[in-house]
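Remarks on the overall topology
Read off the chains here:
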Amino acid sequence: MKTVRSKDGTRIAYDMQGEGPALILVDGALTKRASGSKPELARLLAERFTVYCYDRRGRGDSEDTKPYALPREIEDIESLIDEAGGSTYLSGHSSGGCLALEATVKLEDKVKKLAIYEAPYDDDPKAQKAWTVYRKSLADALAADRRGDAAALFMTLVGMPAAQIEGMRQAPFWRGMEELAPTLAYDHGGVMGEDLSVPVDLAARVSVPTLVMSGGNGAPFMHETAKTLAKAIRGAKLRTLEGQTHDVSPAALAPVLVEFFL
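The following paragraphs examine the structure supplied in this document. (Residues numbered from 1 in each chain as written. Predicted model: local features only at pLDDT ≥ 70, side-chain atom pairs only at ≥ 80, totals over all residues. Heavy atoms only, no water.)

As for the pairing of strand E6 (residues 111–117)
Most of E6 is tucked away, with six of its seven residues classed as buried. As defined by bridge partners, strand E5 (residues 88–93) adjoins E6 across six bridges and the pair is classed as parallel. When the sheet's bridge partners are listed, Ser91 is paired in E6 with Ala115. In this fold, E5 hands off to helix H3 (residues 95–106), which returns the chain to E6; that crossover is right-handed. The pairing of E6 with strand E7 (residues 210–215) spans four bridges and is parallel. Bridging across to E7, Ile116 finds its partner in Val212. (Buried < 20%, exposed > 50% of the residue type's maximum accessible area, 1.4 Å probe, protein only. Helix = DSSP H or I, 4+ residues; strand = E, 2+ residues; numbered from the N terminus. Pairing = 2+ DSSP bridges. Right-handed = clockwise from strand over helix to strand, strands pointing away.)

A few points about the sheet that holds E6
The strand order across the open sheet formed by eight strands is E1-E2-E4-E3-E5-E6-E7-E8, and the pairing between neighbours is mixed. Looking at strand neighbours, the two that pair on one side only are strand E1 (2–5) and strand E8 (237–241), the edges of this open sheet. Each neighbouring strand pair of the sheet contributes to a mean axis angle of 25 degrees, computed without reference to strand direction. Where helix H1 (residues 38–45) meets the sheet, its contacts fall on strand E2 (11–17), strand E3 (22–26) and strand E4 (50–54), and the angle it forms with E3 comes to roughly 165 degrees. Against the sheet, helix H10 (residues 220–232) contacts E7 and E8, and its axis sits at roughly 170 degrees relative to E7. (Axes fitted to C-alpha atoms, helices over the stretch in contact; angles between N-to-C directions. Contact = heavy atoms within 4.5 Å.)

A look at the nonpolar core
Soluble globular proteins tend to pack their nonpolar side chains together in the buried interior. Within the largest apolar cluster, 62 residues are counted, with the highest numbers of intra-cluster contacts made by Tyr54, Ile77, Leu90 and Leu101. When residues of this core are assigned to their parent elements, the largest contribution, six residues, is made by H3. Not counting chain neighbours up to four residues away, the residues in contact with Leu101 comprise Leu114, Ile116, Tyr121, Pro199, Leu202, Ala203, Val206, Leu229 and Ile233. With 24 residues, the next largest nonpolar core counts Leu41, Leu44, Leu211 and Phe260 among its residues. (Core = buried A, V, L, I, M, F, W, Y, C linked by side-chain atoms within 4.5 Å.)

Points about the layout of surface pockets
Rolling a probe over the atoms, with the probe sized like a water molecule, indicates the empty space that remains. Approximately 1,300 Å³ is the volume found for the largest pocket. Along its surface, the largest pocket is lined by 47 residues, and His93, Ser94, Phe154, His246 and Asp247 are the ones closest to its centre. Elements with a contribution of two residues or more to the lining of the largest pocket: E3, H1, E5, helix H4 (125–143), helix H5 (147–157), helix H6 (162–169), H10 and helix H11 (250–261). Taken together, the residues of the lining of the largest pocket break down into 27 nonpolar, 15 polar and five charged. (1 Å grid on protein atoms, 1.4 Å probe; cavity = no way out; pocket = protein on both sides within 12 Å on 5 of 7 lines; lining within 4 Å. Points joined across faces, edges and corners; volume = space filled by probe spheres on them. Nonpolar A, V, L, I, M, F, W, Y, C, P; charged D, E, K, R; others polar.)

Next comes the structure, spelled out in structure tokens:
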């Protein structure tokens, strides 16, 4: 593990592996650098890149300086970019794709190319109404330090059955979900915004080469969102990864990223 200090003094933990152009992977909600399939994705990409996997603030081995603000998360990415030599590729998954989009607009002189996989914006009015209710319930749960309930709210939002959530709450790994639960407010308030709509005005400000992806077997709204983003970003490429869902396989994603970035 290595660390770097962000502009506000927050210590950000990261792992680095491989040789080649720098590539930073930006995680989505309820994840940290060593969780899920990211270690495998980083291993595959390290054959062609110097890959940086980091814990976003408030997660894993990174510190958390209050109050939270989106610009601080962008500064975290900038500190990693500076550590990597001043310019990098960015790849973001889920709400990490939303953060990578924000960072690219702010730091375009330091971002060479951007790749986004299934940024979960949604222009559907019903989804936006549910989002408003969720954010209010999430804020209430976190204010009362009911971290388990906060994590369960997110699982419910993404369509997980109640019985499955209850089973997860009894599993040993649930403690890790509770530890990460406060950062849901960072993703779903600070990064993704109040109304969940696709930020076409923001996307239109991206001027670096961009790849926008969705999974062929994923939620239909993800594909619609990807199309809207790709249309808004000047010159963006749109690609569907056939057979993939939101939990994309590293073996399917890695070669697409290599082809795009190199």
